[in-house]
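Residue-level listing of the chains:
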Amino acid sequence: MNNRLGKGIEALINSKNLDDRGYIDGFVNINKIKTNPNQPRKYFNQKSLDKLVESIKEKGILQPIAIKSIDDDYFELIAGERRLRAAKILKLETVPAYIIKVDSEVEKLELALIENIQRNDLNAIEEAEAYNLLKNKYNLTHKEIAKRVGKSRTEITRTLELIKLPNNIKDALIENSNDSTFPFTRGHARTILILKDSIKIQALYQRIVKEKLSVRKTEQLVKKVNKNLTPPERKTIKNILKEENSLSRVLATKVEVSSSRKYIKIHFKSEKDKVRIIDIIASSKK
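Residues numbered from 1 in each chain as written. Predicted model: local features only at pLDDT ≥ 70, side-chain atom pairs only at ≥ 80, totals over all residues. Heavy atoms only, no water.

S.K.: Would you take a moment to explain the packing of helix H9 (residues 167–175) against helix H11 (residues 198–211) for this structure?
M.R.: What describes two packed helices is the angle between their axes and the distance between those same axes. Running from N to C, H9 and H11 cross one another at 35°; their axes reach a closest spacing of 10 Å. Seen from H9, the contacting residues are Asn 168, Ile 169 and Ala 172; seen from H11, they are Ile 201, Gln 202 and Tyr 205. When its residues are assigned to classes, the contact of H9 with H11 shows four nonpolar, two polar and no charged. (Axes fitted to C-alpha atoms, helices over the stretch in contact; angles between N-to-C directions. Helix = DSSP H or I, 4+ residues; strand = E, 2+ residues; numbered from the N terminus. Contact = heavy atoms within 4.5 Å. Nonpolar A, V, L, I, M, F, W, Y, C, P; charged D, E, K, R; others polar.)

Okay, structure coming up:
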């Protein structure tokens, strides 16, 4: 377990020398704080935010936000965007804040991730997208990400897989992230991705939601579907992108292959282009 994650963001500040001017904590003018463009949390549930507003209205902000100094006496938010939003709704002039030093963009994202993970504030897709940003923009390996956020490498890899979900399923996970009665979880999402085929994934997703299937039942259905596939179907699912790319290169146009519906769709831009493609296919038989 990463010590940062275990102790919390407060430990990062308290472990520093508080006599150092860079680590003075207190109240900061709310208009001097700019949001973090790489904030991992993208979706803010309105009901949850309303509850936070009421809590702050009654008791104040009990947990300071974390910010870093930037030019012209302004600050950039590192962690605590929900609290900052709630403070703005209440039209507070100042908020309690820890002013900390952050050496790099990747460290900013890391700290924001740590705090959100500790508070369970991120939905599954936001977490996957944040890890994906660390991986692609900052070139971190799965093992390095795991070390930074205090999770296992396997957990990072499995969460990153959620990026491959169809958009409608990702949207459903985001919109229902605070609804404990919604029958589709990240466990379901990880399981249905084993199918690879988008049509099968969509069909099983609809069934899970309709019948409120458990993750265990979903796993059994996925195994059954994969077991019933013929060897050619398994090959097609595994190599579908490779096959599409190969045909696209030969025909010089977009090609779609579906193993479940058993068709190959060839796109053409005009009648002339259609004739060109037919000629290529016809000549291949000679």
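S.K.: Explanation requested: the packing of aromatic side chains in the structure shown.
M.R.: For any pair of aromatic rings, the description consists of the separation of the ring centres together with the inter-plane angle of the planes. Scanning the entire structure with this criterion turns up one aromatic pair. Measuring from ring centre to ring centre gives 4.9 Å for Phe 184 and Tyr 205, while their planes differ by 90°; the resulting arrangement is edge-to-face. Residue Phe 184 is located in the loop between H9 and helix H10 (186–192), and its partner Tyr 205 is located in helix H11; the two are separated by 21 residues in the primary sequence. Each member of the pair, Phe 184 together with Tyr 205, is buried. Over the ring of Tyr 74 we find Lys 32, and its NZ or CZ is 4.6 Å from the ring centre. (Phe/Tyr/Trp six-rings, centres within 6.5 Å; stacked < 30°, edge-to-face > 60°. Buried < 20%, exposed > 50% of the residue type's maximum accessible area, 1.4 Å probe, protein only. Lys NZ or Arg CZ within 6 Å of the ring centre and 35° of its normal.)

S.K.: Help me out: how do you make sense of the pattern of salt bridges in this one?
M.R.: Once the charged atoms of two side chains with opposite charge are near each other, the side chains can pair. Scanning all chains against the criterion turns up eight salt bridges. The salt bridge partner of Glu 161 is Lys 164, with a shortest N-O separation of 3.2 Å. Between Glu 271 and Lys 274 there is a salt bridge, with the nearest N and O atoms lying 3.2 Å from each other. With Glu 271 and Lys 274 both in helix H14 (residues 271–283) and three residues apart, the pair spans about one turn of that helix. Members of the salt-bridge network, linked through shared partners, are Glu 127, Lys 151 and Arg 186. (Salt bridge = Lys/Arg side-chain N within 4 Å of Asp/Glu carboxyl O.)

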